[in-house]
Amino acid sequence: MSNTKDNIKRGSCPVYKKCGGCQLQNLTYQEQLAFKQKKVSKFLSQFCKVQPIIGMENPFHYRNKVQAAFRTNRNGRIISGVYQSGTHCIVGIDECMIEDAIADKIIVTVRKMLKSFKLTTYDEDAQRGFLRHILVKRGFATNEVMLVLVTGTPVFPSKNNFVKAITKEFPEIKTVIQNINPYRTNLVLGDVQKILYGKGYIEDILCGCKFRISPKSFYQINPIQTEVLYGKAIEFAKLKGNETVLDTYCGIGTIGIIAAKNGAGSVIGVELNKDAVKDAVQNARANDLKNIRFYQGDAGEFMEAASEEDEKPDVVFMDPPRAGSDKKFLSSLIKMSPKTVVYISCNPETMARDLYYLTQNSTYKVKKIQPVDMFPHTSHIETVALLTKS
């Protein structure tokens, strides 16, 4: 890994060393792709040949979800930005090379509006004040924007005028939500929220399907590369029209809905997050799909129960968190014995562990491995693998 001034200038971010969000900005983009290819191959080439990584044509401003913490410094100046890695010190940021540019502008504008509306920032130590965080989500295909104001108190003085001012400045804001989080916690969002403007959600289009996005629901942060990733997953599944598909860790139903619209006979989605399941049900209706249904629950427990049933799926999509799947899930998957497993992972190390378990304890073989650069300038990477029964 080179660390020349020339390479740092190519990254062009003045705070990348302080921020810690973009770990690979000291490399050119081609060097980043080579680094990630080597990383995936290190863990996964034992199973089969790793295909060349698919990068982005324009690897900037790809994040459709942006959050900023707010604080008032000793000089009484309001700052907003991200926490420095491993600390609660805020690195002030007005614009970021990987964040959506409109989202950054909205955050800066809100920061400037606080004093004119006599709104304070939240003091974590004293546990008083108003604004803690801002969360902005944007649908790249629809250009709809959601603004979430995370406050330490439910009291919001002049909220109607505030909402009018920010939506006049940014007409693309289709909903404004106040999320109340008065607790000493590392979580950004609290449990209580109020819709101040709009419907409380926005919509986006991905792989030709419409998706509802709410404040707490998970939606891939790079829609351009998500279409590439999910396109590969559907390609690997080779759906012919009569398969029963199980979409585990399904979130708001993205992969399952795309599969239901692109050849699957019937689809079952499983997700632990209740808010995401509600969105998934609405998403299926919005796409007029009758061949998909969703269940709320732990994926491992669902798999364990489903493996005892007579009807078995033909294809299983699995997209677990960074920690990977547990043995309950994997052993149930082996017992269920679908013809095809498509594994999407954001961590090649835990993916390697899970693939080893599946290939050593069953007749599954890994046939294809495709890395996709979902997070340029960071060390994170997504990979999709195809497993079939030998």
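These notes cover the structure that comes with them. (Residues numbered from 1 in each chain as written. Predicted model: local features only at pLDDT ≥ 70, side-chain atom pairs only at ≥ 80, totals over all residues. Heavy atoms only, no water.)

## A closer look at the overall build of the protein
Next, step 1: Check the secondary structure of the protein and you find 11 helices and 16 strands.
Next, step 2: What you see for the protein is a C-alpha radius of gyration of 22 Å, in line with the 21 Å of a compact globule of 390 residues.
Next, step 3: With the model as given, the accessible surface of the protein reaches about 18,200 Å², and the carbon-plus-sulfur share is 50%.
Next, step 4: Side chains of the protein carry 54 positive and 39 negative charges; the gap between the two charge centres is 5 Å. (Helix = DSSP H or I, 4+ residues; strand = E, 2+ residues; numbered from the N terminus. Rg over C-alpha atoms; globule rule 2.2 N^0.38 Å. Areas by Shrake-Rupley, 256 points an atom, 1.4 Å probe, with all protein chains shown as cover. Lys, Arg positive; Asp, Glu negative; His and termini not counted. Charge placed at Lys NZ, Arg CZ, Asp CG, Glu CD.)

## Describing the sheet that holds strand β1 (residues 65–72)
Next, step 1: Pairing is mixed in the open sheet, where seven strands are placed in the order β3-β2-β1-β4-β5-β6-β7. Of all the strands in the sheet, the pair left with one neighbour each is β3 (90–92) and β7 (192–197). Shown here is a sheet whose adjacent strand axes are inclined to one another by a mean of 30°, direction ignored.
Next, step 2: The sheet contact formed by strand β5 (residues 145–151) and strand β6 (residues 173–180) spans seven bridges and is parallel. Across the sheet, Met146 pairs through a bridge with Thr175, a residue of β6.
Next, step 3: This element, helix α4 (residues 101–116), spans β1, β2 (78–83), β4 (131–138), β5 and β6 of the sheet and lies at about 150° to β4. (Pairing = 2+ DSSP bridges. Axes fitted to C-alpha atoms, helices over the stretch in contact; angles between N-to-C directions. Contact = heavy atoms within 4.5 Å.)

## As for the side chain of Ser345
Next, step 1: Its place among the elements puts Ser345 in strand β14 (residues 340–345).
Next, step 2: Classification of Ser345 as buried rests on a relative accessible area of 3%.
Next, step 3: Looking at Ser345, its side chain comes within polar contact range of the main-chain nitrogen of Asn347, at 2.9 Å.
Next, step 4: When sequence neighbours within four positions are dropped, the list of residues in contact with Ser345 reads Met351, Ile381, Glu382 and Thr383. (Buried < 20%, exposed > 50% of the residue type's maximum accessible area, 1.4 Å probe, protein only. Polar contact = N/O pair within 3.5 Å; in protein donor to acceptor, adjacent residues only side chain to side chain.)

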